[in-house]
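The lines below spell out each chain.
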Amino acid sequence: MRVALLLGLQSFLALTTVVFGVMALMVARRLGRSTLPSVAWLIVGVAFTLEGINGMVQSSSAIVAVLAGKESAVWAAHLRLSPVGNHGRGVLKIGLGLALMALPLARRVPARVLPVLVTAWMMLFMLVGSFLGWREGSMQAEHFSIVALLDSFEMIVIWGALIGALYTGGIDRLLWVGLALNGVRQALNVVWTSALVWRDTPGAWVPSVTTMQLYACAVLLFMIFLARKRLRLARQGVPVPGLLDVLLSPQPRMLS
């Protein structure tokens, strides 16, 4: 029962990641590509869509492996390929943070080229991560240390991009809040994933993987809510300022 719950949560997390990514792309398309906030939604949409597809493939593989049994070749193949998926997603999110850091440079890129350039950038990082995962081999306890390290780098670049966006106004407040919550999730993942290394040590504290998945699902559901709200405002032609613009505005205007 516990295994079924975990597999269900993994699949649901991958699905919600894809849903958020697609909704972010819808926001970017609605806004056009003439402003930095619209480019930010494009970058985030591409990254989360690729991450979600990667996760859906891996979660499907996990379900097949569990049904086949621990002594099967399918189970062994799943353990062999799990680092490929995990590191692919981890390095992909580092690419996301770096792309958001370079957001002001988007003004120099022709609008028609941006989607292709962003997709190629994200695919490159995901392939690099997948290659690192393949080199690592079958999943062992040390795998979680590498995942925690990648999460640490991801957290640094994402928060660096968010802090920079406060001054450039390149990320509107709804996307900023969503990415910030996801950044908190990554910070917790660093601690939780590092602790998983000691899962076979008697008396050591080990976080519940189910709890980790539930928290991640809750964050993604709220991000979907924010993306849906931004899409509705875009359709109504209501601008959404950056977070710092709202905080410094003498007469902040409430969004409907």
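Cut-off values and rules
- Think of each chain on its own: its residues are numbered from 1, step by step along the sequence as written.
- Owing to the predicted nature of the model, reporting of local features is limited to residues with pLDDT of at least 70; listing and counting of side-chain atom pairs is limited to 80 or more, with chain, interface and lining totals taken over all residues.
- Hydrogens and water are ignored here; the side-chain numbers use all heavy atoms of the structure.
- In DSSP terms, a helix is any run of H or I states spanning at least four residues, a strand is any run of E spanning at least two, and both are numbered starting from the N terminus.
- The buried label goes to any residue with under 20% of its type's maximum accessible area, the exposed label to any with over 50%, and the partly exposed label to all in between, with areas taken from a 1.4 Å probe on protein chains only.
- Contacts: residue pairs with any heavy atoms within 4.5 Å of one another.
- Calculation of accessible area relied on Shrake-Rupley with a 1.4 Å probe; when residues are assessed, cover is drawn exclusively from the protein chains displayed.
- Lines fitted to the C-alpha atoms define the axes, with helices restricted to the stretch that makes contact. Angles between their N-to-C directions range from 0 to 180 degrees.
- Throughout, the term roughly parallel applies to angles under 35 degrees, roughly antiparallel to angles over 145, roughly perpendicular to angles from 65 to 115, and oblique to all others.
- In this scheme, a crossing is called left-handed if the near helix is turned counterclockwise away from the far one by less than a right angle; it is called right-handed if the turn is clockwise.
- The classification used treats Ala, Val, Leu, Ile, Met, Phe, Trp, Tyr, Cys and Pro as nonpolar, Asp, Glu, Lys and Arg as charged, and all other residues, Gly among them, as polar.
- We define the nonpolar core as a collection of buried residues of types Ala, Val, Leu, Ile, Met, Phe, Trp, Tyr and Cys that are connected through side-chain atoms lying within 4.5 Å of one another.

A. Quick peek at the overall build of the protein. Within the protein, the secondary structure is distributed over 8 helices and 0 strands. Ordered by position from N to C terminus, the α and β elements of the protein give α-α-α-α-α-α-α-α. When burial is assessed residue by residue, the protein has 46% of its 256 residues classed as buried. Contacts in the protein between residues far apart in sequence, at least 24 positions, make up 79% of those at least 6 positions apart. Summed over its atoms, the accessible surface of the protein is roughly 13100 Å², and 69% of this surface lies on carbon and sulfur atoms.

B. The arrangement of the packing of helix H3 (residues 73-101) against helix H5 (residues 142-168) in detail. Between H3 and H5, the least distance of the axes is 7 Å, while the angle of their chain directions is 15°. Regarding the angle of H3 to H5, the classification is roughly parallel. The handedness of the crossing between H3 and H5 is left-handed. Contacts from Pro83, Asn86, His87, Gly90, Val91, Lys93, Ile94, Leu96, Gly97, Leu98, Leu100 and Met101 of H3 reach H5 at His143, Ile146, Val147, Leu150, Phe153, Glu154, Ile156, Val157, Ile158, Gly160 and Ala161. Here the residues of the contact of H3 with H5 are counted per class, giving 15 nonpolar, 6 polar and 2 charged.

C. Summary view of the nonpolar core. Core analysis: the largest hydrophobic core is formed by 46 residues, its most contacted members being Phe20, Ile43, Leu96, Leu100, Met122 and Ile171. Elements supplying a minimum of two residues to this core: helix H1 (2-31), helix H2 (36-68), H3, helix H4 (114-136), H5, helix H6 (173-196) and helix H7 (209-236). In terms of residues, this core owes the most to one element, H2, which gives 11 residues.

D. A look at the side chain of Asn182. Secondary-structure assignment places Asn182 in helix H6. Using a relative accessible area of 4% as the deciding quantity, one classes Asn182 as buried. Discounting residues that sit within four places of it in the chain, Asn182 has contacts with Phe48, Lys93, Glu154, Val219, Leu220 and Met223.

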